[in-house]
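# A look at the structure
Residue-level listing of the chains:
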Amino acid sequence: EIVTDDEDTSSTPVTQVSKKKTSDPRFFIAGGASAAISHGITTPLDVVKTRMQSDASLSDLSPPDAALRIVETEGPKALTA
(Lines give C-alpha, C1' and ligand atoms only; values in the text may rest on other atoms or scores of the structure.)
Protein backbone atom coordinates (compact mmCIF):
# COMPACT_ATOMS: atom_id res chain seq x y z
CA GLU A 1 0.00 0.00 0.00
CA ILE A 2 1.35 3.39 -0.96
CA VAL A 3 0.58 6.29 1.35
CA THR A 4 0.59 9.79 -0.07
CA ASP A 5 0.74 13.07 1.80
CA ASP A 6 -3.00 13.58 1.28
CA GLU A 7 -3.99 10.48 3.20
CA ASP A 8 -4.52 10.44 6.96
CA THR A 9 -2.07 8.02 8.59
CA SER A 10 -2.88 8.88 12.20
CA SER A 11 -5.03 5.79 12.60
CA THR A 12 -2.38 3.48 11.19
CA PRO A 13 -0.78 1.55 14.07
CA VAL A 14 2.96 1.82 14.29
CA THR A 15 4.80 -1.23 15.43
CA GLN A 16 8.03 -0.47 17.24
CA VAL A 17 10.49 -3.14 18.06
CA SER A 18 11.95 -2.53 21.49
CA LYS A 19 15.47 -3.86 21.85
CA LYS A 20 16.64 -4.26 25.39
CA LYS A 21 20.17 -2.99 25.64
CA THR A 22 22.25 -5.57 27.40
CA SER A 23 25.65 -4.79 28.77
CA ASP A 24 28.57 -7.02 28.13
CA PRO A 25 30.47 -7.79 31.37
CA ARG A 26 33.71 -8.03 29.40
CA PHE A 27 33.75 -4.23 29.09
CA PHE A 28 33.44 -3.87 32.86
CA ILE A 29 36.22 -6.39 33.45
CA ALA A 30 38.47 -4.83 30.80
CA GLY A 31 37.96 -1.36 32.24
CA GLY A 32 38.70 -2.54 35.77
CA ALA A 33 41.82 -4.40 34.69
CA SER A 34 43.02 -1.42 32.69
CA ALA A 35 42.57 0.96 35.62
CA ALA A 36 44.25 -1.43 38.06
CA ILE A 37 47.26 -1.89 35.82
CA SER A 38 47.66 1.79 34.99
CA HIS A 39 47.32 2.89 38.62
CA GLY A 40 49.54 0.07 39.85
CA ILE A 41 52.33 1.27 37.59
CA THR A 42 51.97 5.05 37.83
CA THR A 43 51.32 5.45 41.57
CA PRO A 44 54.71 4.10 42.74
CA LEU A 45 56.48 6.21 40.11
CA ASP A 46 54.62 9.31 41.27
CA VAL A 47 55.40 8.55 44.93
CA VAL A 48 59.13 8.27 44.15
CA LYS A 49 59.05 11.51 42.13
CA THR A 50 57.22 13.41 44.86
CA ARG A 51 59.48 12.08 47.62
CA MET A 52 62.57 13.03 45.60
CA GLN A 53 61.23 16.58 45.31
CA SER A 54 60.31 16.93 48.97
CA ASP A 55 62.99 14.90 50.79
CA ALA A 56 66.52 16.35 50.66
CA SER A 57 68.13 12.97 51.36
CA LEU A 58 66.55 11.53 48.18
CA SER A 59 67.04 14.51 45.88
CA ASP A 60 70.60 13.58 44.84
CA LEU A 61 69.73 9.94 44.04
CA SER A 62 68.52 8.48 40.77
CA PRO A 63 64.84 7.42 40.71
CA PRO A 64 65.66 3.68 41.00
CA ASP A 65 68.03 4.35 43.91
CA ALA A 66 65.44 6.59 45.60
CA ALA A 67 62.80 3.89 45.19
CA LEU A 68 65.18 1.31 46.68
CA ARG A 69 65.94 3.53 49.66
CA ILE A 70 62.21 4.16 50.27
CA VAL A 71 61.52 0.43 50.18
CA GLU A 72 64.49 -0.36 52.43
CA THR A 73 63.55 2.22 55.08
CA GLU A 74 59.74 2.11 54.99
CA GLY A 75 58.83 -1.11 53.25
CA PRO A 76 57.18 -1.74 49.87
CA LYS A 77 53.79 -0.41 51.00
CA ALA A 78 55.31 3.08 51.14
CA LEU A 79 55.23 3.16 47.33
CA THR A 80 51.46 2.82 47.26
CA ALA A 81 50.72 5.67 49.66
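Quick summary incoming for the structure in this document. (Residues numbered from 1 in each chain as written. Predicted model: local features only at pLDDT ≥ 70, side-chain atom pairs only at ≥ 80, totals over all residues. Heavy atoms only, no water.)

### A short note on the nonpolar core
For clarity, the cut-off: To define a nonpolar core, start from buried Ala, Val, Leu, Ile, Met, Phe, Trp, Tyr and Cys residues and group those joined through side-chain atoms within 4.5 Å. Working definition: with a 1.4 Å probe on protein chains only, accessible area under 20% of the residue-type maximum means buried, over 50% means exposed, and in between means partly exposed. Only heavy atoms enter the contact rule, under which two residues are in contact if any of them lie within 4.5 Å.
Ranked by size, the top nonpolar core spans 9 residues in total: V47, V48, M52, L58, A66, A67, I70, A78 and L79. If sequence neighbours within four positions are ignored, L79 has contacts with T43, P44, V47, V48, I70 and V71.

### Describing a nonpolar patch on the surface
Put simply, the test is: Here, patches come from residues exposed beyond 30% relative accessible area and free of salt bridges, joined within 9 Å for like charges and within 5 Å for nonpolar side chains (Val, Leu, Ile, Met, Phe, Trp, Tyr). Accessible surface is estimated by sampling points in the Shrake-Rupley manner with a 1.4 Å probe; for residues, cover comes only from the protein chains shown. Salt bridge, as applied in this entry: a Lys or Arg side-chain nitrogen positioned within 4 Å of an Asp or Glu carboxyl oxygen. Here a strand is any run of E in DSSP of at least two residues, a helix any run of H or I of at least four, and the numbering for each starts at the N terminus.
On the surface, I37, I41 and L45 cluster together into a nonpolar patch covering about 320 Å² of accessible area. Locating L45 in the fold gives a position in helix 1 (residues 25-54). On the basis of relative accessible area, L45 is assigned to the exposed category, the value being 57%.

### Quick look at the packing of helix 1 against helix 2 (residues 63-74)
Put simply, the rule reads: For helices, the fitted axis covers only the stretch in contact; all axes are lines through C-alpha atoms, and the angles between them, taken along N-to-C directions, range from 0 to 180 degrees. Our angle categories are set so that under 35 degrees counts as roughly parallel, over 145 as roughly antiparallel, 65 to 115 as roughly perpendicular, and the remainder as oblique. Each residue gets one label: Ala, Val, Leu, Ile, Met, Phe, Trp, Tyr, Cys and Pro are nonpolar, Asp, Glu, Lys and Arg are charged, and the others, such as Gly, are polar.
In contact at an axis separation of 10 Å, helix 1 and helix 2 are set at 90° when each is read in the N-to-C sense. By the criterion of interaxial angle, the relationship of helix 1 to helix 2 is roughly perpendicular. On helix 2, the residues touching V48, R51 and M52 of helix 1 are P63, A66, A67, I70 and E74. Along the lines of polarity and charge, the residues of the contact of helix 1 with helix 2 split into 6 nonpolar, no polar and 2 charged.

### Thoughts on the pattern of salt bridges
Inspection of every chain in the model, using the stated rule, returns 3 salt bridges. Among the ionic pairs, D24 bridges to R26, the shortest N-O distance being 2.6 Å. Residue classification places D24 among the partly exposed positions, given a relative accessible area of 25%. Ionic pairing is found between R51 and E74, a salt bridge with its closest N-O pair at 2.3 Å. Within this pair, whereas R51 is found in helix 1, its partner E74 is found in helix 2, the two being separated by 23 residues in sequence. Judged by relative accessible area, which is 23%, R51 ranks as partly exposed. Look at E74 and you get partly exposed, because its relative accessible area is 46%.

Structural measurements only, silent on function.
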